Amino acid sequence: MNYNLSAIREDCSNLVERIDTKKLKGTTVLVTGANGLIGGFLCDFLCFLNDHCRYGMNLIFTSKSEKENAQRISHLVGREDVTYFSWDCSVSLESLPLSEDVNYLFFCSGYGQPRKFLSDKIRTMLVNIVGIESLLKVVARQEKKCHVLFLSTSEIYGDVPESAVPTSEDYKGVCDVENNRACYILAKATAEVVCQEYFASNKVNGKVARVALVYGPGSFRDDARVMQDFILKAHEQKEIQMMDEGESLRNYLYISDCVEILINCLLHGTQSVYNVGGDSEVISIYNLAKKIAANFKVPVRKGKVAKEFIKNAPKRVGLSMSRYRKEFPLYGAHITGLNKGIKNVLRWYNFKNFNS
């Protein structure tokens, strides 16, 4: 893997200092979607806790990739404290390949990249609905109660009007079934309903995290999300050619800040649903392109016609983090700003020719 893990190790080291994870000591933790951006960082952080804090966790990681192709966590899958198995979670799982009960489950499966989740809409729906339901069914049979965190999406709020931004967890979103992204949005919404039914049965203790616009070291070079696409264009094409005029507004969230929120919600949260997004820096897509381009000293050129996979993307994404901040008032003291976060991504990619 030709990526620089030092940026991730530094983030893990900093995260340990600001989050209470003692409940994880001596437990069995399962992470699905372990080869993705959020799942991969979670895997690194859990291994870091075992290595540097002597947590003694039994770690189970899974993704669709076969063991030899799990590129994001290739440095972890051979560890004695890690069990890895390949599972296409669009297919029901009848049992887990382990003997002990799972204490904590992070369901991070489901593509966050529009090009990927639109390339196979049926599978996109099954990954989220069949995947989480089959796991919930398995852990509900355990003797010990399992604590589950399901990663949903802020897209279930739909194209939010300016009057409802920042958007709270109580906002009732609307999704057009003819929207080309409906397969992803409605699958996540349906999976939330499945989760809430299991949580209400008292056989599983769980939370839902509605995640928006996470970035950071750990993404692959073929990741087609906006930020990564701009970085690759700036590096390889020496310019950023945009697909439209870049007027949409976004709030991005750095990966270690995201994982801090996720773990706090699962271990200490009192609510069943939490927004997980940035709320400190609002930026247009065009200004994001300029910020990235400045690192490479390359030009930005606006486009005219949006491609199919982005034409129905929300015009404004900005989540209210009031519910989380009320419960965790110390959050915010160490939020990673866009400038630093982008440079960490460039470090991860081992790009040498940027303005460091």
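Coordinates for the structure precede this section.
Residues numbered from 1 in each chain as written. Predicted model: local features only at pLDDT ≥ 70, side-chain atom pairs only at ≥ 80, totals over all residues. Heavy atoms only, no water.

**Section: the overall build of the chain**
Phase 1: The secondary structure content of the chain amounts to 10 helices and 13 strands.
Phase 2: A compact globule built from 356 residues should have a C-alpha radius of gyration of about 21 Å, and the chain, at 19 Å, falls within 12% of that.
Phase 3: Expressed along its principal axes, the backbone C-alpha trace of the chain runs to roughly 60 × 45 × 40 Å.
Phase 4: Per-residue burial over the chain gives 56% buried out of 356 residues. (Helix = DSSP H or I, 4+ residues; strand = E, 2+ residues; numbered from the N terminus. Rg over C-alpha atoms; globule rule 2.2 N^0.38 Å. Buried < 20%, exposed > 50% of the residue type's maximum accessible area, 1.4 Å probe, protein only.)

**Regarding the sheet that holds strand 11 (residues 273-276)**
Phase 1: Pairing is parallel across the open sheet formed by 7 strands, whose spatial order is 3-2-1-4-5-6-11. The sheet is open, and its two borders are formed by strand 3 (82-86) and strand 11, each paired with just one other strand. Between one strand axis and the next, the sheet turns by 20° as a mean value, whatever way the strands run.
Phase 2: One ladder, built from 4 bridges, connects strand 6 (residues 204-211) with strand 11; its direction is parallel. Each bridged residue has a counterpart across the sheet, and for R210 the counterpart in strand 11 is N275. (Pairing = 2+ DSSP bridges. Axes fitted to C-alpha atoms, helices over the stretch in contact; angles between N-to-C directions.)

**Side note on the packing of helix 1 (residues 6-16) against helix 10 (residues 338-348)**
Phase 1: In the contact formed by helix 1 and helix 10, the axes pass within 8 Å of each other and the chain directions differ by 135°. On the basis of the axis angle, helix 1 is oblique to helix 10. Each of S6, A7, I8, E10 and D11 in helix 1 lies in contact with helix 10, whose residues at this interface are N344, R347 and W348.
Phase 2: When its residues are assigned to classes, the contact of helix 1 with helix 10 shows 3 nonpolar, 2 polar and 3 charged. (Parallel < 35°, antiparallel > 145°, perpendicular 65-115°, else oblique. Contact = heavy atoms within 4.5 Å. Nonpolar A, V, L, I, M, F, W, Y, C, P; charged D, E, K, R; others polar.)

**Considering the environment of A70**
Phase 1: Within the secondary structure layout, A70 lies in the loop between strand 2 (58-63) and strand 3.
Phase 2: Through-space distance from the C-alpha of A70 to that of N35 is 5.8 Å; in sequence the pair is 35 residues apart.
Phase 3: With residues up to four places along the chain from it excluded, the contact list for A70 reads N35, S65 and Y84.

**Some remarks on empty space enclosed by the protein**
Phase 1: Counted by the stated rule, this structure contains 3 cavities of 30 Å³ or more.
Phase 2: For the largest cavity, the calculated volume is near 100 Å³.
Phase 3: Around the largest cavity sit 15 residues that line it, and Y252, L253, S280, I335 and T336 are the ones nearest its centre.
Phase 4: Approximately 70 Å³ is the volume attributed to the second largest cavity.
Phase 5: Taken together, S154, E155, Y157, G158, V160, V165, T167, P314, R316, V317, G318 and L319 make up the lining of the second largest cavity.
Phase 6: Within the lining of the second largest cavity, the residues separate by chemical class into 6 nonpolar, 4 polar and 2 charged. (1 Å grid on protein atoms, 1.4 Å probe; cavity = no way out; pocket = protein on both sides within 12 Å on 5 of 7 lines; lining within 4 Å. Points joined across faces, edges and corners; volume = space filled by probe spheres on them.)

**A look at helix 7 (residues 255-268)**
Phase 1: Taking 1.5 Å as the rise per residue, helix 7 with 14 residues should run 20 Å; its terminal C-alpha atoms sit 20 Å apart, in good agreement.
Phase 2: Counting buried residues in helix 7 gives 13 out of 14 residues, a clear majority hidden from the surface. (Expected span 1.5 Å × (residues − 1).)

**With respect to the packing of aromatic side chains**
Here the distance between the centres and the angle between the planes together describe a pair of aromatic rings.
Phase 1: This structure, assessed with the given rule, holds 11 aromatic pairs.
Phase 2: Ring geometry for Y3 and W348: centres 4.6 Å apart, planes at 10°, overall stacked. Within this pair, whereas Y3 is found in the segment before helix 1, its partner W348 is found in helix 10, the two being separated by 345 residues in sequence. Each member of the pair, Y3 together with W348, is buried.
Phase 3: Geometrically, the ring pair formed by Y349 and F351 is tilted, given 5.3 Å between the ring centres and 40° between the ring planes. This pair shows no difference in class: Y349 is buried, exactly as F351 is. (Phe/Tyr/Trp six-rings, centres within 6.5 Å; stacked < 30°, edge-to-face > 60°.)

**Structural notes on the environment of D176**
Phase 1: Note on placement: D176 falls in the loop between strand 5 (146-153) and helix 5 (182-200).
Phase 2: D176 sits 92 residues away from H268 along the chain, and the two C-alpha atoms are 35 Å apart.

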